[in-house]
Amino acid sequence: MRIGIPGQAVAPAPPGVGWRAVIDPGHAVLGLLLLAILAVFVVWPIAAVLGAALVEPDGGVTLAHLARFFENPLYIESLANSLRAGAWVVAIGTVLALPLAFLVARYDFRGRTLVTTLSTLPLVLPPFVGAIALTQVFGRAGTLTLLVQDLFGIHVNLMDGLRGVIVAQALHFFPFIFLTVAAALMNVDRSLEEMGQTMGAHGWRLLRRVIFPLVLPAYAAGALLTFVKAVDDIGTPFILNVKNMLGPQAYLRITTVGRDDVDGYVICVVMVAISIACVGASNWIVARREYATLQTGARASGLPTRLVGWGAIGALSLCVLVLGASLLPHLAVIVMSFSRVWSLTYLPSAYTLGHYAEIFLRAPRFIVNTLTYSIAAALLGVVIAAATAYLLQRGRVPGKAVLDAVAMMPIALPGVVIGVGFLRVFYPMTLPGTETSLASTGAIFVLAYMVRRLPYALRASHAALHQVHGTLEDAAAVAGAPRTRAFRRVVLPLILGGVTAGGVLIFITSAVEFSTTITLVSRIEQSPLSYAIYIYSQSPLGRGAAAALGVVAIVIVAVGTYLANRLSGRSRMAFTL
Amino acid sequence: MNVTAARTGGPSPLEVELRDLHRRFGDTAAVRDLTLTIGPGEFFTFLGPSGCGKTTTLRMIAGLLLPDAGEILFDGRPVTTTPPWRRDIGMVFQNYALWPHMTVFENVGFGLVERRVPRDELRRRVDDALRLVGLEGLEHRLPSQLSGGQQQRVALARAIVVRPRLLLLDEPLSNLDARLRVQMRAELVTLQRHLGITTIYVTHDQEEALMLSTRIAVLHQGRLVQLGTPRDLYEHPADVFVADFLGGANFLPGTVRGRTGDALVVALDAGNGVATAELHASASRHTEFEAGDRVTVCVRPEALELVPDRGPAGPNLLRGRLRLVNYLGAVMSSEVELPEGRVLRVQVVRPPTDMPLVEGAPVALRVAPEAVLLLRPPASP
């Protein structure tokens, strides 16, 4: 009856790995069920995309389509634009993030906590919402553009074409770099630095020879993730009307040329390759870093130096400037949502509540749709994530590594690819007894959102369950509680907070999901607010309503973030990295 | 602990029998060929270094782990595959395993809820158990608001409140500081005698095992090395491992020369066959040895007596040089280096006053023949 479970096999009586190291039939059934669900909604869509791009009709593998990609000037330009935008976003983000990270990690000044809190905000606010108002701030007749023109007599339009996308994304994604580097800097053992000082290094040399090498892996990981986010984000190019980038091209091929157009899938494959390469490299670097900074003995983390007077004012001003720039678009969205006339002036010249009337009274279905899809995705995702986490940690079944890999797969998949894959698999299927395609039901959004954000929820459940030591269950069993009772009375109450926080994460990220959404929307009636924002923003008259929907999105995200933090009891968002 | 609290008349204590128990983890045999019987009401201890299989054994008795082979019987009934929740046991875990989301009252009452005990009785029994461990008044605290010692008591109350027929304790004192450990040890033994529950205790601490147990099973690399009362084990260790693990001892290689009267004469050597000294051991205690046998001579540090290096040489008198003197108040421990380079640990209660006790001073060591233990040398030296 003995069956070795990988990873458990050699452990000498690890306390609390369950009471029997044999296959548990209940666990096996649950595991197969989860694998089946993930096979249908994760593996199949991705396999369908890969198959369409790389497999001939006769079943042979071919690279011919992929080769054609590199012969098409439009695709080459799109690829170059996407990579260039990503690189610029990382470069600008680095310039914005590093000084800030150094200040926050090393110095204490009035407003320091506020800075760290505010810096997480751009991460959760949807980038395309900020993009709605960016033109109003940095564009041809934007507030800041006018201000600069009036003060210095120079006219700079930052929002022109690709440049606009880069500005929007850099302002939005730089906190990824900021947070990883700040965390790494705070973790640098002060004694290492003091060691460097006793060796005669100080000032710039100390920074270059001791601190940079220690922080470099964290920076590299943060920069790679920023790059991936920038390449995957198709909302910002869409709102700013830049179409010659990879994501928009994939979408346009599939939705305009047709679902059987091979080129769309080939672009998807290229995006997946970029994404997997970056996520893989980032994970590799992080894993190595943990090994490299493994420390023993007492840690001397040291208190940050307190800044007073001009130093404090300078530090705070820098922070306000950088964070202000990144939050400005979102502030502008709020102003815009109330504005009736805002043209060639710093601020609107006339105000109205009409945009809110539009989205709440005349067309409330966008908000209703968003709430319905996101809540359903969160509930579904939480159940699947909690069950998966439980099996991975406590399950007595073989094949856990496969389950883990499949469930975490979506983290390296661009949203548009998930959308395209869902279309490919589910469009040809109809609801039983009707002509309605499965892909044009509301359920498709629920499933796609759930799949896309499952890794976040899984991580939250993992962390929650990890804190419940196995002996707590053992103690319940010994005290007379059969396993299901022990789970209900001991495990469930203990993991509820963390698991719910995972659900809230699915909810807020789904509520502002754009890439998958735009691929899947087939009728405007079933559109959630993210797509509605795009539609509204395409007409000059609708931009106010788009901004009002943007404000709703911001409110949903802000409340959700607060709840998730309260529930998981941690100061930093569980999904920042 | 207030053991004068009403003794809650529990069921009769249990007899536990282990038959040919085997358990592997991957390629490592954690427990092999374990057969023994634990009598009703015993305070039985599994003693051994970490990785010896003692916790594995306890978890198999609890039902938390299934043996690969062998049988476990409670009062003659096989329970090998009975799940833990139907074994009617109480257990204290090394990390206490208190449920952090429940108050002290809820933690202790958990098992009674599972047993569908009516509300009034539940309250009374939880109160009794808490009084028994000296925690009255802390019912509404959460485990995180308790000290380590208090948490340990809650874990104990939780284990005994269900009136188990068997109490399992997995290194319950190892997370306490030294002073508290000594105190809890005394309270634990009083409580167990008072309740009369068959108790199985797992520890790597020989002092705890000697003090608490009616009988001790010494495990080494998954095997039962010796089973006996604390006194048996200390005075008649089965082998070098047991002698060393229980109390520690000096080991010297030697060869049996022959018998004179009631004395078995052993020649010590430096490992090169050249005799360096002669010891007499009790022949009636060591009937299994004959002339020519290689033996390991085992002498406890407290069996050696420090005497001035004067007078004639004789049996059971070893000459050497004082190497290290540690005065610890109640005892003085020191090391004496023999001429061939071996070092013996010596512990004396009353340091002699008629000789200089400075490092480097020549001294002699005397040992009574009854205190010279002869053991079979380890298979591969």
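Residues numbered from 1 in each chain as written. Chains lettered and ligands numbered in written order. Predicted model: local features only at pLDDT ≥ 70, side-chain atom pairs only at ≥ 80, totals over all residues.

### Looking at the overall build of chain A
Okay, step 1: Broken down by element type, chain A carries 23 helices and four strands.
Okay, step 2: Counting over 577 residues, chain A shows a buried share of 46%.
Okay, step 3: Counting contacts in chain A only where the partners sit at least 6 residues apart, residues at least 24 apart contribute 78% of the total. (Helix = DSSP H or I, 4+ residues; strand = E, 2+ residues; numbered from the N terminus. Buried ≥ 20, exposed ≤ 12 C-beta atoms within 10 Å, placed from the backbone. Contact = placed C-beta atoms within 7 Å.)

### Examining the confidence of the model for chain B
All names here are of chain B.
Okay, step 1: Scored by pLDDT, chain B has a mean of 88; 94% of the residues are at 70 or more.
Okay, step 2: Per-element confidence in chain B ranges from a low mean pLDDT of 83 for strand 13 (residues 275-282) to a high of 96 for strand 3 (residues 43-47).
Okay, step 3: Scored below 50 in pLDDT, residues 1-8 shows 20 contacts in the model against residues more than four places distant or in partner chains.
Okay, step 4: Two summary scores accompany this predicted model of the complex, namely pTM at 0.75 and ipTM at 0.82. (pLDDT = per-residue confidence, 0-100.)

### Overview of the pairing of strand 14 (residues 294-299) of chain B
Looking down a regular strand, the side chains alternate between one sheet face and the other.
Residue and element names in this part refer to chain B.
Okay, step 1: Relative to strand 14, strand 11 (residues 250-260) runs antiparallel, the two sharing six bridges. From the neighbouring strand, leucine 252 faces strand 14, where its bridge partner is valine 297.
Okay, step 2: Relative to strand 20 (residues 373-375), strand 14 runs antiparallel, the two being bridged by three bridges. Bridge assignment links threonine 296 to a residue of strand 20, and that residue is leucine 375. (Pairing = 2+ DSSP bridges.)

### Looking at the domain arrangement of chain A
Residues and elements named next belong to chain A.
Okay, step 1: By domain assignment, chain A separates into domain 1 (31-60 + 358-568) and domain 2 (65-294 + 305-339).
Okay, step 2: Taken over C-alpha atoms, the centre of domain 1 sits 25 Å from the centre of domain 2.
Okay, step 3: The set of elements that each furnish at least two residues to the side of domain 1 that touches domain 2 consists of helix 1 (25-54), helix 17 (415-426), helix 21 (515-520), helix 22 (529-537) and helix 23 (543-568).
Okay, step 4: For the side of domain 1 that touches domain 2, the element with the most residues is helix 23, which contributes 11 residues.
Okay, step 5: Looking at the side of domain 1 that touches domain 2 residue by residue, the class counts come to 27 nonpolar, eight polar and two charged. (Domains from an automatic or database assignment. Nonpolar A, V, L, I, M, F, W, Y, C, P; charged D, E, K, R; others polar.)

### Brief notes about the domain arrangement of chain B
All names here are of chain B.
Okay, step 1: Split by domain assignment, chain B resolves into domain 1 (16-244) and domain 2 (249-375).
Okay, step 2: For domain 1 and domain 2, the distance between their C-alpha centroids amounts to 40 Å.
Okay, step 3: Contact with domain 1, which involves four residues of that partner, is made by six residues of domain 2.
Okay, step 4: For the side of domain 1 that touches domain 2, a count of residues per class yields two nonpolar, no polar and two charged.

### A short note on the interface of chain A and chain B
Buried accessible area, meaning the area lost when the parts come together, often serves as the stated size of an interface.
Okay, step 1: Contacts between chain A and chain B engage 26 residues on the former and 31 residues on the latter.
Okay, step 2: The set of elements that each furnish at least two residues to the side of chain A that touches chain B consists of helix 19 (470-478) and helix 20 (483-511) of chain A.
Okay, step 3: Ranked by the residues each element gives to the side of chain A that touches chain B, the list is headed by helix 19 of chain A, at seven residues.
Okay, step 4: Its residues placed into classes, the side of chain A that touches chain B shows 18 nonpolar, four polar and four charged.

### Digging into the nonpolar core
Okay, step 1: Grouped together as the largest cluster of nonpolar side chains are 268 residues, with contacts concentrated most on Val181, Ile533, Leu549 and Ala553 of chain A together with Ala157, Leu168 and Val297 of chain B.
Okay, step 2: Per element, the largest residue contribution to this core is 16 residues, and it comes from helix 7 (residues 162-187) of chain A.
Okay, step 3: Setting aside its immediate chain neighbours within four residues, isoleucine 533 of chain A contacts Phe128, Val129, Ile132, Ala546, Leu549 and Gly550 of chain A. (Core = buried A, V, L, I, M, F, W, Y, C linked by C-beta atoms within 7 Å.)

### As for the pairing of strand 10 (residues 223-228) of chain B
All names here are of chain B.
Okay, step 1: Across five bridges, the pairing between strand 9 (residues 215-220) and strand 10 is antiparallel. Looking across to strand 10, one finds that isoleucine 216 is bridged to glycine 228.
Okay, step 2: The loop that links strand 9 with its antiparallel partner strand 10 comprises two residues; one of these, glutamine 221, has a positive phi angle of about 50°.

### Points about the confidence of the model for chain A
All names here are of chain A.
Okay, step 1: Scored by pLDDT, chain A has a mean of 81; 89% of the residues are at 70 or more.
Okay, step 2: Scored below 50 in pLDDT, residues 291-300 shows five contacts in the model against residues more than four places distant or in partner chains.
Okay, step 3: Residue range residues 570-577 is modelled with pLDDT below 50. Its contacts to residues more than four positions away, or to other chains, number 19 contacts.

### Topic: the sheet that holds strand 19 (residues 362-367) of chain B
Residue and element names in this part refer to chain B.
Okay, step 1: Taken together, five strands build an open sheet; the order of strands is 15-19-16-17-18 and the sheet is antiparallel. On the outer flanks of this sheet lie strand 15 (304-308) and strand 18 (343-348), each paired with one strand and no other. Mean inter-strand twist for the sheet, computed between neighbouring axes without regard to direction, equals 45°.
Okay, step 2: Relative to strand 17 (residues 332-337), strand 16 (residues 317-327) runs antiparallel, the two being bridged by six bridges. In the sheet register, arginine 321 faces strand 17, and the bridge partner there is glutamate 337. (Axes fitted to C-alpha atoms, helices over the stretch in contact; angles between N-to-C directions.)

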